[in-house]
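# A closer look at the structure
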Amino acid sequence: MKRNFVYLLAALLISAASCSFTNKTFDNPDKDKLLLDLISYVLENGHFNPKDIDDDFSEHVYDNYIEALDPLKRYFLQSDIDEFSKYRSAIDDQIKTSDITFFNLTYDRLMQRMDEASVMYKDVLETPYDYNEDEVIDVDYENLSYAKTKDELWQRWRTQLKFSTIERYVSATEDVENEEDVKNEMTQHGVNGVVVDEKGTPVNPESSSADEDEGLPKDPIALEKETREATQKTLTEYFEFMGDLQRKDWFVVYINSIVEEFDPHTFYFAPDDKERFDVSMSGKFEGIGARLQKKNDHIKIVEIISGGPAWRANNMEVGDEIMKVGQEGETPVSVVGMRLEDAVKLIKGPKGSKVLLTMKRLDGTVDEIAIERDIVELEESYAKSSTVKKGERTFGIINLPKFYIDFEDYKNRNAASDVAKEIEELKAAGVEGIVLDLRDNGGGSLKTVVDMAGLFIKEGPIVQVKSTGQKKEVLSDTDDSVQWDGPLVILVNELSASASEILAAAMQDYKRAIILGSKQTYGKGTVQNVIDLNQFLRGNTEYGDVGALKMTTQKFYRINGGSTQLEGVKSDVVVPDRYSYSNIGEKDQENPLPWDKIEAVSYKDWAGYIDYEETIEKSKARMANNSQLKLIDENAQWVKAQQEEKVYPLNIDEYKAEIEKDEEVLKRFRKITDYQTDLSFKSLPYEDELMVKDSILKEKRERWHKNLSKDVYIEEALNVLEDLKINNIKKNKVVQVKG
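As a starting point, this report considers the structure included with it. On a predicted model such as this, the values are computed, not experimentally measured, just so you know. (Residues numbered from 1 in each chain as written. Predicted model: local features only at pLDDT ≥ 70, side-chain atom pairs only at ≥ 80, totals over all residues. Heavy atoms only, no water.)

## Quick word on the overall build of the chain
- For the chain, the count of helices and strands is 23 helices and 24 strands.
- For the chain, the proportion of its 739 residues judged to be buried stands at 49%.
- Surface summary for the chain: the accessible area is close to 35700 Å², and the carbon and sulfur share equals 49%. (Helix = DSSP H or I, 4+ residues; strand = E, 2+ residues; numbered from the N terminus. Buried < 20%, exposed > 50% of the residue type's maximum accessible area, 1.4 Å probe, protein only. Areas by Shrake-Rupley, 256 points an atom, 1.4 Å probe, with all protein chains shown as cover.)

What follows is the structure, given as structure tokens:
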């Protein structure tokens, strides 16, 4: 696969050098035009299934872009849309000529309308809401028409903000009612307004009637005003965030409306976004190890990452405000009012360098601290494992959030090597079977999948990969060693995607593992490569960093020839979950590539199990009669019905009636969280040693174990491991499969 992509990239570079992007040049000083020109060229020449950039293409881009700018239809007027619509079938022509007239028009108009809205919402919230009025709101924004006048737009803001505020108001009135109930209970033996205990003794004999008045619940008028002010505060913070966005941020929205028309996984990364993507894939970055949040122009610490430099230095805490940032030997720079992204750039830096931070503490004191930057690892990104006792037997669970990798150095920490280490630790703990939990795992590195699959089978093919105009390539495990030859169950759900599907499919085809979970996984059967766009500029640094393009260049196929595209991996044992009726898969996205099939390859079944099929049937029978799963299924159906509801009352009596009706239903569904197994979980010895020094890690693991003890899917996965008759595992026997 890598070899084929290298050929593709080389071809693109040679083409660029020889024809300057089909006689296009980069002499135009406008960076936006350059970027549009460059991306369209790379897509047309490198995408797995390039599209014709024609009028139909243009219309789809137009519709998606306008929706992205104003999804709730509370900025643009119908007159704006009428003006924009003349470009609906002309965007393709503008792409071909590097013309950004349409973007400039929409951007300037959006800034104008947002400025107007930033005044309008305050005006709207000056007027008290009448919750006794018979009024409803329709939240089917997709089919909602645009406002024709500013008065109509004002009414739209009024209705939307009333909808936002009524929930606060109802909640506040319920709190008042609860306070009154408590007060009535306390004063049932009271004399002259003084609270007394059951013996008639005053609880606070010095309290006066004036003091009592101060403690009285707020009246409805005061509550209504208070909740309106809370909504206004939320909107003010929203507009502050939107105000931090620059023109380049909105141009990225336009670019991605274009590139996502090719398929839902092709995406343009601006330079900062590319850095965040790399962090998400590797699970680490160089900095101080603190998560920040901007609020009212102030940048505050909201989390200190366990094990990071700030955590080790122990000289800051959550809630502290960063006022200035300085580099060694340089004058500190104020970050008050600065964009959060720009402040983060100043704080992050290479390992070993120091950053000086002027901090305003929670108690109001101000001082300067120095922190030496280091590599910060995001522990929640990495594989973790636990032993679990089921009766007299011990099993192991490995949770893998993603197939992470360091693109610059594969020998660094990656998903495959980490899972291999966890397996060794579990083997040392004497486990008799392993559950690999891939639920919510959205994928990641293809190489880590192939290496990880090799931990569970002898040598053999893992996945087939096909590139446009190239012969298919079979990626195989070539190491005949098997790290874990015992029972294996893989847990999946509708959000298990891409690399997760490759591993689950391979283990299913080999009959190496039993797949337990959703009816089908996400259904992403495509491979993306991240292409640094700067390499096409031939060393020209005039425009700075132009970012990267994550582009679909290949499709992958199971070793049996089938594609997981759209269809996903169908579980051996299907169990309902909260996503069962939600439209969240690849088939529910816009512009997905089609399903297809290619020829199978030869492979050999794993023959280490006795009664493999019988085990699946036993699990299906248990699941069919499981009351917890029936309740989860009913809840999923109810959630789906709620999502399809588009009209809500804004009359308080009707709103409360709806809440009470929902509350009655929810009482049944709350029993889902009451479920408890008799399983006991324990961290591995190496983590026990870490937790002596790291209380945060200890708290995280305890929370994880508590959740696992309530997890019906884990419980059934362990039942399956038992049913695989672990005492009768056959060794080194294989059966030839035709292919």
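Moving on, there is more to tell.
## Quick word on the pattern of salt bridges
- Inspection of the entire model under this criterion finds 55 salt bridges.
- With a shortest N-O distance of 2.8 Å, Lys 390 and Glu 722 are connected by a salt bridge. Here the residue Lys 390 occupies a position in strand S11 (residues 384-390), and Glu 722 occupies one in helix H23 (residues 712-723), the gap between them amounting to 332 residues.
- One connected set of salt bridges, linked through shared partners, spans Asp 80, Glu 83, Arg 109, Arg 113, Glu 116 and Lys 150. (Salt bridge = Lys/Arg side-chain N within 4 Å of Asp/Glu carboxyl O.)

## Focus: the side chain of Glu 494
- Relative to the assigned elements, Glu 494 resides in the loop between strand S16 (488-492) and helix H16 (499-509).
- Arg 578 provides the closest opposite charge to the buried, unpaired Glu 494, separated from it by 7.9 Å.
- When residues no more than four places from it in sequence are discounted, the contact partners of Glu 494 are Ser 518, Gln 520, Thr 521, Tyr 522, Asp 577, Tyr 579, Ser 580 and Ile 584. (Lys, Arg positive; Asp, Glu negative; His and termini not counted. Contact = heavy atoms within 4.5 Å.)

## What to know about the packing of aromatic side chains
- Per the stated rule, a full pass over the model turns up 24 aromatic pairs.
- Between the aromatic rings of Tyr 62 and Phe 102, the centroid separation amounts to 5.8 Å while the plane-to-plane angle is 35°, which identifies the pairing as tilted. One end of the pair, Tyr 62, is in helix H3 (residues 55-69); the other, Phe 102, is in helix H6 (residues 101-124), and 40 residues separate them in sequence.
- Owing to a relative accessible area of 0%, Phe 102 belongs among the buried residues under this scheme.
- On the numbers, 5.6 Å between centres and 65° between planes, the contact of Tyr 65 with Phe 102 is edge-to-face. With Tyr 65 in helix H3 and Phe 102 in helix H6, this residue pair connects regions lying 37 residues apart in the sequence. For the pair shown, Tyr 65 and Phe 102 are each scored as buried.
- Here the aromatic cluster, defined as three or more aromatic residues joined through ring pairs, consists of Tyr 62, Tyr 65, Tyr 87, Phe 102, Phe 103, Tyr 107, Phe 251 and Tyr 254.
- Against the face of Tyr 146 rests Lys 73, its NZ or CZ located 5.0 Å from the ring centre.
- Sitting above the plane of the Trp 704 ring, Lys 384 keeps its charged end 4.9 Å from the centroid. (Phe/Tyr/Trp six-rings, centres within 6.5 Å; stacked < 30°, edge-to-face > 60°. Lys NZ or Arg CZ within 6 Å of the ring centre and 35° of its normal.)

## Thoughts on the nonpolar core
- Grouped together as the largest cluster of nonpolar side chains are 82 residues, with contacts concentrated most on Leu 400, Met 452, Leu 488, Ile 490, Leu 503, Met 507 and Ile 714.
- Setting aside chain neighbours within four positions, we find Leu 488 in contact with Ile 434, Leu 436, Phe 456, Met 507, Arg 512, Ala 513, Ile 514, Tyr 609, Leu 721 and Leu 724.
- Counting residues in each nonpolar core, the second largest holds 74 residues, with Ala 117, Ile 166, Met 242 and Phe 262 among its members. (Core = buried A, V, L, I, M, F, W, Y, C linked by side-chain atoms within 4.5 Å.)

## Quick look at the sheet that holds strand S20 (residues 573-574)
- Spatial strand order, S20-S17-S16-S13-S12-S11-S23: seven strands in an open sheet with mixed pairing. Each having just a single partner strand, S20 and strand S23 (680-682) make up the two edges of the open sheet.
- Here S11 pairs with S23 via three bridges, running antiparallel. Looking at S23, one finds that Lys 389 is bridged to Ser 680.
- Contacting S11, strand S12 (393-399) and S23, helix H22 (residues 695-708) runs over the sheet at an angle of about 45° to S11. (Pairing = 2+ DSSP bridges. Axes fitted to C-alpha atoms, helices over the stretch in contact; angles between N-to-C directions.)

## Quick look at the side chain of Lys 73
- Inspection of the secondary structure puts Lys 73 in the loop between H3 and helix H4 (78-84).
- Despite being buried, Lys 73 has no salt bridge partner; Glu 67 is the closest side chain of opposite charge, sitting 7.9 Å away.
- In terms of polar contacts, Lys 73 uses its side chain to reach the backbone carbonyl oxygen of Tyr 141, at 3.1 Å.
- Every residue in contact with Lys 73, bar those within four places of it in the chain, is listed here: Tyr 141, Glu 142, Asn 143, Leu 144, Ser 145, Tyr 146, Leu 153 and Arg 156. (Polar contact = N/O pair within 3.5 Å; in protein donor to acceptor, adjacent residues only side chain to side chain.)

## Remarks on unusual backbone geometry
- Phi at Ser 98 takes a positive value of approximately 55°, unusual for a residue other than glycine.
- By relative accessible area, Ser 98 is classed as buried at 14%.
- Residues other than glycine seldom take positive phi values, yet Asn 314 does so here, at roughly 55°.
- Here Asn 314 shows up in the loop between helix H12 (309-313) and strand S6 (321-327).
- For Asn 314, a relative accessible area of 64% corresponds to the exposed category.

## Some thoughts on the pairing of S11
- With six of seven residues buried, S11 lies mostly within the body of the structure.
- One ladder, built from seven bridges, connects S11 with S12; its direction is antiparallel. Bridge pairing in S12 places Ser 386 opposite Ile 397.

## Structural notes on the environment of Asp 244
- As for its position among the elements, Asp 244 is in helix H9 (residues 220-244).
- Residue class for Asp 244 comes out buried when judged on its relative accessible area of 17%.
- When neighbours within four sequence positions are excluded, Asp 244 is seen to be in contact with Asp 249, Lys 294 and Arg 339.
- Within the structure, Asp 244 has its side chain in polar contact with the side chain of Lys 294 (distance 2.7 Å).

## Focus on the packing of helix H14 (residues 415-428) against helix H15 (residues 446-453)
- It is at 8 Å that the axes of H14 and H15 come closest, and there the two elements cross at 30°. In terms of orientation, H14 and H15 fall into the roughly parallel class. Contacts between H14 and H15 involve Ala 415, Ala 416 and Val 419 from the former and Thr 448, Asp 451 and Met 452 from the latter.
- Grouping the constituent residues of the contact of H14 with H15 by class yields four nonpolar, one polar and one charged. (Parallel < 35°, antiparallel > 145°, perpendicular 65-115°, else oblique. Nonpolar A, V, L, I, M, F, W, Y, C, P; charged D, E, K, R; others polar.)

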